[in-house]
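# Architecture at a glance
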Amino acid sequence: MSRLLPHPALSVAIFLVWIALNNASSTGHFILAFILAIGLPVLTQRFWPERPEKVKLLPAIRLFGIVLWDILLASIGVAKLVLGPLGKVKPAFVEVPLDMQDPFVGTLLASIVSLTPGTVSIDIDRSRWVLQVHALNVDDAETLIKSIKTRYEKPLKEIFSC
Amino acid sequence: MLNTVVPIAFVMIALAMILSLYRMVIGPDMTDRVLALDTLYINTIALLVLIGIYMNNSAYFESALLIAIMGFVGTVALSKYMLRGNIIE
Amino acid sequence: MSIWVEYLISFLILVGAGFTLLGSIGLARLPDFFMRVHGPTKTTTLGVGAMVMASAIYFSVTGDGISLHEIVATVFLFITAPVSAHLLTKAALHIASRVSK
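Each value, and the rule that gives it
- Residues numbered from 1 in each chain as written.
- Chains lettered and ligands numbered in written order.
- Predicted model: local features only at pLDDT ≥ 70, side-chain atom pairs only at ≥ 80, totals over all residues.
- Axes fitted to C-alpha atoms, helices over the stretch in contact; angles between N-to-C directions.
- Helix = DSSP H or I, 4+ residues; strand = E, 2+ residues; numbered from the N terminus.
- Parallel < 35°, antiparallel > 145°, perpendicular 65-115°, else oblique.
- Left-handed = near helix turned anticlockwise from the far one by under 90°.
- Contact = placed C-beta atoms within 7 Å.
- Nonpolar A, V, L, I, M, F, W, Y, C, P; charged D, E, K, R; others polar.
- Pairing = 2+ DSSP bridges.
- Expected span 1.5 Å × (residues − 1).
- Bend = angle between axes of the 7 residues up to and from the residue.
- Buried ≥ 20, exposed ≤ 12 C-beta atoms within 10 Å, placed from the backbone.
- Core = buried A, V, L, I, M, F, W, Y, C linked by C-beta atoms within 7 Å.
- Domains from an automatic or database assignment.

Two elements in contact, helix α3 (residues 57-83) of chain A and helix α1 (residues 3-29) of chain C, have axes separated by 9 Å at closest approach and are oriented at 50°. What the angle tells us is that α3 of chain A and α1 of chain C run oblique. Like other packed secondary-structure pairs, α3 of chain A and α1 of chain C cross with a definite hand, here left-handed. Judged by residue contacts, S75, V78, A79 and V82 of chain A of α3 of chain A engage F19, L22, I25, G26 and R29 of chain C from α1 of chain C. Looking at the contact of α3 of chain A with α1 of chain C residue by residue, the classes come out as six nonpolar, two polar and one charged.

Pasting the structure below:
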């Protein structure tokens, strides 16, 4: 099982992407997608870093919904700020200490932070496990840190149980 | 309905591309220019998708997908150059 | 094509074009680089996402069969936007620290 399917999630992703790219047009594409989904992970498995094994599906779907909603709010927020007067805007660099030490989950958190309201992630300091964030309009750095930790980091830790 | 909305959207995206081009020309920094180029790529994707709807031809979408991939690779390569070029210097 | 589907597609196109324009306005107007990154990463990405969704609905309704490859493009855009923003800000910080030394 593990030798034939080293990355089940990757196989599923390849299968779905191939089907979607060809608009689920014919049976031949389903067969080709199946062959690629089995073949590609086996051929490329040396390049893949170690991944957290268990993924909890239900919190993942909930986080996905939260992030989608926040992307919408973020765009509206940036739009308001761009059209309004720029004098009152207070940008700042904020450092968010992380509770987990997993490169993959950290990357995921950094990407989510970049897409959600008011913040863009700049760097993860691997020696101290601190996420450096640039925030567009900060009134209170502590509330910002707290909101990132409770809104995104806690669900991520729950999903990957680390 | 679509016949009126699509030209309006064309004008809006053209304006967006002009603004990105403006930022690319005035800079002031190299990172600003690369960021403007990246935005220009994404605007082009929007334009191509819109042309696809306008011409009723889904083939335009394939080129939009290619531009998306090439744009991302280009931005990553330029950022890496900016990070490493300075180290070698 | 029913009138409601046409309204939905028109709405998505307008929202997409509007957000794309707002992202570029942000890029042109905001005063410093780290603020400018916010415009394209969030606003423009959502704008193009909405536009691509409009295209998906349009070709699903008019063409033969559902049109799925637009969804791949949207997912790709949402994955790559934070990555390029991250690399660019990192490069900007690197250059800024080199200049100040």
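This part takes up the interface of chain B and chain C. Facing 42 residues of chain B, the contacting portion of chain C comprises 46 residues. When residues of the side of chain B that touches chain C are traced back to their parent elements, those giving at least two are α1 (2-26), α2 (30-55) and α3 (59-88) of chain B. Top element by residues in the side of chain B that touches chain C is α2 of chain B. It accounts for 15 residues. A class-by-class count of the residues in the side of chain B that touches chain C yields 28 nonpolar, ten polar and four charged.

The next point concerns the arrangement of the chains. The chain pair with the greatest number of contacts, out of two pairs of chains in contact, is formed by chains B and C. Separated without contact, chain A and chain B have their nearest C-alpha atoms at a distance of 10 Å.

Remark on secondary structure: sheet strands pair via backbone hydrogen bonds, oriented parallel or antiparallel. Residues and elements named next belong to chain A. What the three strands build is an open sheet, ordered β1-β3-β2; its pairing is antiparallel. Of all the strands in the sheet, just β1 (92-97) and β2 (119-125) have a single pairing partner and so form its edges. Averaged over all pairs of adjacent strands, the angle between their axes in this sheet comes to 25°, without regard to strand direction. By the bridge criterion, six bridges tie β2 to strand β3 (residues 130-135) in an arrangement that is antiparallel. Its bridge partner lying in β3, I124 is registered against L131.

Turning to helix α3 (residues 38-62) of chain C, a few remarks are in order. Residues and elements named next belong to chain C. A rise of 1.5 Å per residue sets the reference length of α3, with its 25 residues, at 36 Å; its end C-alpha atoms lie 36 Å apart and thus fit the reference within 8%. Approximately 25° is the largest bend angle found in α3, and it occurs at T44. Counting buried residues along α3, 21 of its 25 residues qualify, which places the element largely inside the surrounding structure.

The next subject is unusual backbone geometry. All names here are of chain B. If you check the backbone angles, N56 has positive phi at about 55° while not being a glycine. The topology assignment puts N56 in the loop between α2 and α3. Residue N56 is classed as exposed on the basis of its 10 C-beta neighbours within 10 Å.

Core analysis: the largest hydrophobic core is formed by 81 residues, its most contacted members being A46 and V49 of chain B together with M51 of chain C. Beyond its immediate stretch of four places on either side in the chain, V49 of chain B contacts F61 and A64 of chain B together with M51, V52 and S55 of chain C.

In the contact formed by α2 of chain B and α1 of chain C, the axes pass within 11 Å of each other and the chain directions differ by 165°. With respect to α1 of chain C, the element α2 of chain B is oriented roughly antiparallel. The handedness of the crossing between α2 of chain B and α1 of chain C comes out as left-handed. Note on element contacts: α1 of chain C touches α2 of chain B through G16, T20, G23, S24 and L27 of chain C, opposite A36, T39, N43 and A46 of chain B. Taken together, the residues of the contact of α2 of chain B with α1 of chain C break down into three nonpolar, six polar and no charged.

Put simply, an interface is often sized by how much accessible area is lost when its parts join up. Annotation of chain A at the domain level lists domain 1 (8-47) and domain 2 (57-160). Taking only C-alpha atoms into account, the centre of domain 1 of chain A sits 32 Å from that of domain 2 of chain A.

Before going further, it helps to examine the interface of chain A and chain C. Residue-level contacts link 25 residues of chain A with 31 residues of chain C. Put simply, the parts of the chain that give the side of chain A that touches chain C at least two residues each are α1 (8-21), α3, α4 (103-115) and β2 of chain A. If one sorts the elements of the side of chain A that touches chain C by residue count, α3 of chain A sits on top with seven residues. Per-class residue counts for the side of chain A that touches chain C are 17 nonpolar, seven polar and one charged.

Another aspect to go through is α3 of chain A. Since the α-helix turns once every 3.6 residues, residues separated by three or four places project in the same direction. Relative to the 39 Å expected for 27 residues at 1.5 Å per residue, α3 of chain A spans 39 Å between its end C-alpha atoms, a close match to the ideal helical length. Where α3 of chain A is buried, its residues meet α4 of chain A together with α1 and α3 of chain C.

A few words now on the pairing of β3 of chain A. As a general feature of sheets, a regular strand has side chains that alternate between the two faces. Pairing of β1 of chain A with β3 of chain A, which is carried by six bridges, proceeds in the antiparallel orientation. By the bridge assignment, A92 of chain A is partnered in β3 of chain A with A135 of chain A.

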